[in-house]
Amino acid sequence: MTLLWAPAAAYLTLLGTVLGCGVPAIRPNVRDTERIVNGENAISGSWPWQVSLQTSSGAHFCGGSLINENWVVTAAHCNLSPYSHYVVLGEYDRSSNAEPVQVKSIAKAITHPSWDSRTLNNDITLLKLSSPAQLNARVSPVCLASATETLPTGLKCITTGWGRTSSTASGSAIKLQQVALPLVTVNQCQQYWGSRITSSMVCAGGAGASSCQGDSGGPLVCLKGSVWNLIGIVSWGTTNCNVRTPAVYTRVSQFRTWIEQVISRN
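In short, a report on the structure.

Cut-offs applied
- Residues numbered from 1 in each chain as written.
- Predicted model: local features only at pLDDT ≥ 70, side-chain atom pairs only at ≥ 80, totals over all residues.
- Heavy atoms only, no water.
- Pairing = 2+ DSSP bridges.
- Helix = DSSP H or I, 4+ residues; strand = E, 2+ residues; numbered from the N terminus.
- Axes fitted to C-alpha atoms, helices over the stretch in contact; angles between N-to-C directions.
- Phe/Tyr/Trp six-rings, centres within 6.5 Å; stacked < 30°, edge-to-face > 60°.
- Buried < 20%, exposed > 50% of the residue type's maximum accessible area, 1.4 Å probe, protein only.
- Salt bridge = Lys/Arg side-chain N within 4 Å of Asp/Glu carboxyl O.
- Core = buried A, V, L, I, M, F, W, Y, C linked by side-chain atoms within 4.5 Å.
- Contact = heavy atoms within 4.5 Å.
- Arc of directions from axis to C-beta.

### Here we look at the sheet that holds strand β4 (residues 50-55)
Part 1 of the reasoning: Ordered in space as β4-β5-β6-β9-β8-β7, the six strands form a closed barrel in which the pairing is antiparallel. For this sheet, the mean inter-axis angle between neighbouring strands, taken without regard to orientation, is 40°.
Part 2 of the reasoning: For β4 and strand β7 (residues 85-89), the ladder comprises five bridges, and the chain directions are antiparallel. By the bridge assignment for β7, Val-51 is matched with Leu-89.

Shown next as structure tokens:
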């Protein structure tokens, strides 16, 4: 198995309408055929909570999700350093210098106390931004799954990121990619991964699409009514981003209470 990584609620007023979390001002175009591996470009600005975590030289290495104007959630295995890494909000095309991105330094990086780098269990870190994000049409927060979240079959779920678009790609994608993925039950996932799958994980994919290296820490969101909820955080999968094997995501509902505690204390 491999980490899906590679080195290299606030409210928004728009056009007179108050939008809560999880409601993009720019509507995404969601079909069931997109892939991150085998690439499908997202619509620019349509996933406004997606952030790029970058080195001081501007190299993308992980994703993350804005959950309010001060906080981003990502994967613990991304090994964030407040001293040398940055959060970039509002980005779509990493080759463009014309996008109105916001680059934030990191005031605090708080990793779950039970994070286990050997088993990859409890793979979650919260990042406090050095200054609040300016919320607008291209930058707004996602809703968090509730602590009692149920995941019915047939739920439409999407993961997004700039990870590699194939197992042989030399680097990360240039434009933000999106993919529709089916959720996989714990029993189905354990058929692939055995006892490594715990109650703090959720599986998705295995049906011709996959997250890949560089997508780590990014969102797995599911549409409930008209609102996108953050169900998972891209965590780990096969070394070759096999599109027939489910990828594994940190199950956000398991950490909802911890997230709220950390935010209230900091």
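So, next bit.
### Here we look at the environment of Pro-132
Part 1 of the reasoning: Structurally, the position occupied by Pro-132 is in the loop between β9 (125-129) and β10 (143-144).
Part 2 of the reasoning: Once the C-alpha coordinates of Pro-132 and Asn-68 are considered, the two residues, 64 residues apart in sequence, prove to be 8.7 Å apart.

### A few points about the packing of aromatic side chains
Part 1 of the reasoning: Under the criterion given, the structure shown has three aromatic pairs.
Part 2 of the reasoning: Taking the centre distance of 5.1 Å and the plane angle of 80° together, the rings of Trp-47 and Trp-228 count as edge-to-face. Taken together, the positions of Trp-47 in the loop between β3 (17-19) and β4 and Trp-228 in strand β16 (residues 227-237) put the pair 181 residues apart, joining distant regions of the chain.
Part 3 of the reasoning: Overall, the relative accessible area of 4% leaves Trp-47 in the buried class.
Part 4 of the reasoning: Taken together, Trp-47, Trp-49 and Trp-228 form an aromatic cluster joined through their ring pairs.

### Some details on the pattern of salt bridges
Part 1 of the reasoning: If you walk through the whole model with that rule in mind, you get two salt bridges.
Part 2 of the reasoning: Lys-224 is paired through a salt bridge with Glu-149; the nearest N and O atoms lie 2.4 Å apart. Of this pair, Lys-224 sits in strand β15 (residues 219-224) while Glu-149 sits in the loop between β10 and β11 (157-161); the two residues are 75 residues apart in sequence, bridging distant segments of the chain.
Part 3 of the reasoning: Salt-bridge contacts for Arg-256 lead to Glu-260; the nearest nitrogen and oxygen are separated by 2.8 Å. Taken as a pair, Arg-256 and Glu-260 lie in helix α2 (residues 256-265) at a separation of four residues, close to a single helical turn.
Part 4 of the reasoning: Exposure remark for Arg-256: the relative accessible area of 23% places this residue in the partly exposed category.

### Considerations on the pairing of β7
If a strand is regular, its side chains alternate between the two faces of the sheet.
Part 1 of the reasoning: The element β7 is largely enclosed, with a buried count of four among its five residues.
Part 2 of the reasoning: Alignment of β7 against strand β8 (residues 102-111), held across four bridges, turns out to be antiparallel. When the sheet's bridge partners are listed, Tyr-86 is paired in β8 with Ser-105.

### Comments concerning the nonpolar core
Part 1 of the reasoning: Membership of the largest hydrophobic core comes to 53 residues, with the highest contact counts inside it found for Val-87 and Ile-259.
Part 2 of the reasoning: For this core, the element with the highest residue contribution is β16, accounting for five residues.
Part 3 of the reasoning: If near-sequence neighbours (up to four positions away) are discounted, Ile-259 is found in contact with Ile-67, Ile-124, Leu-126, Leu-144 and Val-252.
Part 4 of the reasoning: Judged by nonpolar contacts, the second largest core, of nine residues, contains Val-184, Cys-189, Met-201 and Trp-236.

### Some thoughts on α2
Part 1 of the reasoning: Turning to α2, its buried residues number three or more, namely Trp-258, Ile-259 and Val-262. With its buried residues spanning 100° around the axis, α2 presents them on a single face.
Part 2 of the reasoning: Those residues of α2 that are buried are in contact with β5 (60-68), β6 (71-74), β8, β9 and β10.

Bear in mind that shape data such as this cannot, by itself, settle questions of function.
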